[in-house]
Amino acid sequence: MIPGLKVLAPGLHTTVQDLGRIGYQAIGVPVSGALDSFSLRLANALVGNPQRTPTLEILLSGPIVEILADSVRVALVGEGASLAIRGMQSRVTPAGESTTVRQGDIVEIVVGPRSACCYLAVEGGIAVPLVLRSASTYVRARLGGFHGRPLRKGDVLPLVMARGSERPELRVPALLPAARGEPIRIVLGPQQEFFAPETVRTLLSAEFQVSKEADRMGIRLDGPPLPHRGGWDIVSDAIATGSIQVPGSGRPIVLLADHQTTGGYPKIATVISADLRLIGGCRPGDKLRFVSVTAEAAEDLCRQTERDFAELIAAIAPVAERGGLDQVLLLEQNLISGVVSGLE
Amino acid sequence: MDVRFLSAGDRALVVEFGDRAERELSERILGLDAVIRANPPEGLVETVPTFRSLMVYYDPLVTGRAQLEQAISGVLDRGDSCRSGARLWRVPACYEGEHAPDLAEVARLTRLTPPEVVALHSGARFHVYMLGFLPGFPYMGDLPEPMRLPRRADPRVRVPAGSISIATSLTAIYPYESPGGWHLIAGTPIRLFDPGRERPALFAPGDAVVFDPIDATAFASIRRLVENGEYAIESTPLVA
């Protein structure tokens, strides 16, 4: 039998994602990939996978799966999220900790109240074919992932490994927090000159709210309109992830992982890469403010975020067993830190 | 004309050449793209040529806007001799019946006859400016002046895959069924995008495209060949 996860309930929008489809935007293929790439990488590190291994991205409401494999080591990452496991050893495992589930166990992924997304990594990864060098699902063109679509009831998601390896479970001391009301940092442009200075000031001073029009392509914000100074129909150019695009209505849209590669509306600003995960984790109704930084400062923040993340990965340690640490465990610690470091 | 460097966050730099869909701009943009692809600066992730700009994606862990701006400034307008590999494609196009739902309306709005619209469209050689909107969706131009129209006031929710469309100075082909606001004047049975092909998108920016009129019977037989993987679209190296 092929090892797998049988989907008993699919959740709202559960897709296979990795770090995205890089190098095909010139032919119109969006990057896709995780809305919160750091959480995906952390989940993979907790099960000993290379950080870009395909995982499940779970939005707003989680799936319930039955384990069709001897055993599977899994780890969930997402603030406040948890795994509710029913079986021989029923238990709740919090996000940020790996655990090994057995044949026939029923696992419910419970999304936390703060962050809209969480990531379930399985040791060895999900066995889906790479399309244009990525396992990421792009639903609009049915590319990648599990048949190019979100999971449905009755699907059996194939896994690479039939049983989890024999070694201690791992835990990270802290998760990456969801947005806590601190302003989202943006770089103005590339088309801020389509807006009057007072409109740019509105963007930087007003409070916006995430509307219900929110998906992996982008989130529309409610708040004061951002009128254009003149026309709004520009000749198409490329769109970066995090672009704040303002269509004719004046209602801004923050473009996320599945956004089109090009578009014809002015983009007043771009969310910095270090803060993309905060936007990706927003829920409808969440309130947002923006603050502007220079591109150079944003590049430094990107580097700092990567250094902080490396520290977090380095702090991953075995979960203490009931009997405390033993000799074998200490020996294996070395092994594990070798497994979890680095992107590959 | 001056080139402007504009930041699109901390991972993308816009090299903006202008604000119109024009051949002269496109040649400069595609020229720069070819130079950069032939000799990518350290930390370059990918490039996307568009009507008005070249988007340069980079990895801020390796490089930065300042270094890239310097590297790109040094190679601007060196691209004319670098563009090799462009092709001329002959695309079978059926301007009849269900494949051409807007042909009569386009003729009425442009005060041409339907055969005149077909003759103008199939008599022109189009330049592929860029791909976007959907995987493999080509923005091509320039349409002959008499057949230029604004987009439809009422976009369709469903445009069939293979629809050949026009709006403003441009023509395009929908690779997938999708919503769309352009006028549909013909259909092609060929497959514009297939991730399993060595060349997933049929056309690349800088290629040229000519439409060859076919009737509904030929459309059906070519479609069968395409479905069986037995159809090879005609193309030749493009000599500029």
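Remember, predicted model here, so these are calculated numbers, not experimental data. (Residues numbered from 1 in each chain as written. Chains lettered and ligands numbered in written order. Predicted model: local features only at pLDDT ≥ 70, side-chain atom pairs only at ≥ 80, totals over all residues. Heavy atoms only, no water.)

Participant: So what's going on with the overall build of chain B? Which residues, and what values?
Facilitator: Along its length, chain B carries five helices and 14 strands. Against the globule reference of 18 Å for 240 residues, chain B gives a C-alpha radius of gyration of 19 Å, in line with a compact fold. C-alpha atoms of chain B, sized along the principal axes, occupy 55 × 40 × 35 Å. When the 240 residues of chain B are sorted by exposure, 56% land in the buried category. (Helix = DSSP H or I, 4+ residues; strand = E, 2+ residues; numbered from the N terminus. Rg over C-alpha atoms; globule rule 2.2 N^0.38 Å. Buried < 20%, exposed > 50% of the residue type's maximum accessible area, 1.4 Å probe, protein only.)

Participant: Go over the interface of chain B and chain A with me, naming the residues and quoting the values.
Facilitator: With 47 residues of chain B in contact, the opposing surface of chain A contributes 43 residues. Three residues, B:Asp10, B:Glu46 and B:Arg52, lead the burial of chain B against chain A; their summed loss comes to 17% of the area buried on that side. Counting across the interface, chain B meets chain A through one salt bridge. Where chain B packs against chain A, one counts 16 residue pairs in polar contact (both at pLDDT 80 or more). Of all the elements in the fold, those that place two or more residues in the side of chain B that touches chain A are β1 (4-7), β2 (12-16), β3 (44-49), β4 (53-58) and β6 (126-131) of chain B. Considering every element that reaches the side of chain B that touches chain A, the biggest residue donor is β3(B), with five residues. Its residues assigned to classes, the side of chain B that touches chain A shows 27 nonpolar, nine polar and 11 charged. (Contact = heavy atoms within 4.5 Å. Buried area = accessible area lost by both parts, 1.4 Å probe. Salt bridge = Lys/Arg side-chain N within 4 Å of Asp/Glu carboxyl O. Polar contact = N/O pair within 3.5 Å; in protein donor to acceptor, adjacent residues only side chain to side chain. Nonpolar A, V, L, I, M, F, W, Y, C, P; charged D, E, K, R; others polar.)

Participant: Lay out the side chain of A:Thr15 in plain terms, naming residues and giving numbers.
Facilitator: If you trace the backbone, A:Thr15 turns up in strand β2 (residues 13-17). For A:Thr15, a relative accessible area of 1% translates into the label buried.

Participant: Describe the confidence of the model for chain A, and please don't skip the residues or the numbers.
Facilitator: Low pLDDT marks stretches whose predicted atomic positions should not be read closely. Looking at chain A, the pLDDT average stands at 92 and 93% of residues meet or exceed 70. Confidence over residues 322-344 of chain A falls short of pLDDT 50; this stretch has 24 contacts with residues more than four positions distant or in other chains. (pLDDT = per-residue confidence, 0-100.)

Participant: How would you explain the sheet that holds strand β14 (residues 234-237) of chain B if you had to name every residue and give the values?
Facilitator: All names here are of chain B. Taken together, the eight strands give an open sheet; going across it, the order is β12-β9-β10-β7-β6-β13-β5-β14, and neighbouring strands pair in mixed fashion. Looking at which strands have only one partner, the edges of the open sheet turn out to be β12 (183-187) and β14. Geometrically, the sheet is characterised by an average inter-axis angle of 30° between neighbouring strands, direction not taken into account. Summarising the sheet, strand β5 (residues 87-93) and strand β13 (residues 208-213) pair through six bridges and their orientation is parallel. (Pairing = 2+ DSSP bridges. Axes fitted to C-alpha atoms, helices over the stretch in contact; angles between N-to-C directions.)

Participant: So what's going on with the nonpolar core? Residues and values would help.
Facilitator: Of all hydrophobic cores here, the largest spans 56 residues; its most connected members are B:Phe203 and B:Phe211. In terms of residue count, the dominant contributor to this core is β6(B) (five residues). What B:Phe203 contacts, discounting residues up to four positions off in sequence, is B:Trp89, B:Val91, B:Val128, B:Leu131, B:Pro138, B:Met140, B:Ile173, B:Leu192 and B:Val209. In this structure, A:Val47, A:Leu176, A:Ala269 and A:Ile279 belong to the second largest nonpolar core, which totals 47 residues. (Core = buried A, V, L, I, M, F, W, Y, C linked by side-chain atoms within 4.5 Å.)

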